[in-house]
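# Report on the structure
These are the residues of each chain, in order.
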Amino acid sequence: MSRARSHRLITAVASGTALATAVLLTGCSSSADNTSASSSSSASSSSAGRSVSMVTPESTGEYYGAMYCGAKKAAAEAGIRLKIQGTPETTVDAEMQVLQSVLATDPDGLLLTVWDNEAFNQTLKPYTDKGKPLVMPDSFLSDDDYLQSIRTDSYQSSYDAAVEALKDFHIDSGKVLIVTDSPGNAIQSDRAKGFKDAIEKSGGLTVLKYQYVGGDSAKASQAVSSAFAANPDLSLVFSTNIGAGTGVASGITSSHAKGVTHIGYDTSKAQVEALRAGKYNALIGQSPYQMGYDSMELMGQVLSGKKDAGSVKEKTVNTPWKLVTADNVNSAESAKFLYSTDCSAQ
């Protein structure tokens, strides 16, 4: 995939239709029995009654809520019982406790999203060594011991967003700040690198040292305020996750900065409202509903015997994304990339 395509807003590298609507889970655990008469009629008899567990961080957030909606829909169609568990935060320790509890139940299949791509390798090895399928929506493991990862192309989406931002907002000088998660999060590291590479290739701007804040809004706000104090010519800020973006928006406001462009990742309801209010100039919208649906659909095919795990050759499948701005946020096309909490709209 070329890294120099400068005017593409949407990447059409994945099959299926991206529906970015969602459900907001109110707790850290959700169990849905999807073996209704209507769903089981279309499900393979060999998959009916199978159980699949889904584990993610940030289980109360809109992004993962959207992913849960897609997974639930596909599980219902396959007649598979899906149990969703997660944590309200992104720390390895919190998710590890949940994952170990889930693995103790020995589910027939596992859908897993992690923020740290190395910390879970050994914990999952006994499970995958038994030949149990592991599918990873929006993440992957560094040891590649999983069936498939279905996610946004983090590098390319961020690279393209930077190119579009420089063009659309007429940025040709000054400093650039990237606020992101720790290097252990390979996906967010790819977002930061993609944006940085595009900026450096353009010339005329200087990229400052990354600010590692995780998803902590308070840390992000402080990082931006400090950057403004030291760099009055700061002209562009890129935040790679929702928490960081919220903090960056706050930091820009509290610093009374003028003429600063803020590009963020994801399109939660609060972010879209902030975009309309001018606290973001653009947002990179993903397809979490499709990630969840496609991951569960693949799991159902493998568990039913319709697809042999050994026949899955593509380790990574990328889903579409879109750069959403104040000018296009109300369009029908952008609506597919805005996270909603209404599963019934699917």
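Above this text you will find the structure in question.
Because the structure is a prediction, the values reported are computed rather than measured.

How each quantity is defined
Residues numbered from 1 in each chain as written. Predicted model: local features only at pLDDT ≥ 70, side-chain atom pairs only at ≥ 80, totals over all residues. Heavy atoms only, no water. Pairing = 2+ DSSP bridges. Helix = DSSP H or I, 4+ residues; strand = E, 2+ residues; numbered from the N terminus. Right-handed = clockwise from strand over helix to strand, strands pointing away. Disulfide = S-S within 2.5 Å. Buried < 20%, exposed > 50% of the residue type's maximum accessible area, 1.4 Å probe, protein only. Salt bridge = Lys/Arg side-chain N within 4 Å of Asp/Glu carboxyl O.

### A few points about the pairing of strand β3 (residues 81-86)
As paired strands, strand β2 (residues 51-56) and β3 are joined by six bridges and run parallel to one another. The residue of β3 that forms the bridge with V55 is Q85. In this region the chain leaves β2, passes through helix α2 (residues 62-78) and returns to the parallel neighbour β3; the handedness of that crossover is right-handed.

### Description of the state of the cysteines
Within this structure, the stated rule accounts for one disulfide. Across the disulfide from C69 sits C343; the S-S distance is 1.6 Å. Judged by the torsion about the S-S bond (-105°), the C69/C343 disulfide is left-handed. Taken together, the positions of C69 in helix α2 and C343 in the segment after α11 (332-335) put the pair 274 residues apart, joining distant regions of the chain. For C69, a relative accessible area of 3% gives the class buried.

### Quick look at the pattern of salt bridges
A full pass over the atoms with the stated rule returns ten salt bridges. One salt bridge in this structure joins E200 and K196, with 2.9 Å as the shortest N-O distance. Separated by four residues within a single helix, E200 and K196 lie in helix α6 (residues 186-202), roughly one turn from each other. Linking E333 and K336 is a salt bridge whose minimum nitrogen-to-oxygen distance equals 3.2 Å. The network of salt bridges with shared partners includes D106, K130 and K132.

### Focus on the pairing of strand β4 (residues 109-112)
Neither face of β4 is open: one carries G109 and L111, the other L110 and L112, and all of them are buried. Sheet topology note: the β2/β4 ladder contains four bridges and is parallel. Paired with S53 across the two strands is L110, which belongs to β4. Two strands pair when backbone bridges link them, and β4 and strand β5 (residues 134-137) are joined in this way by two bridges, in the parallel orientation. By the bridge assignment, L110 is partnered in β5 with L134. Read as a crossover between parallel neighbours, the route from β4 over helix α4 (residues 121-129) to β5 is right-handed.

Interpretation note: all reported values are geometric properties and have no functional meaning in isolation.
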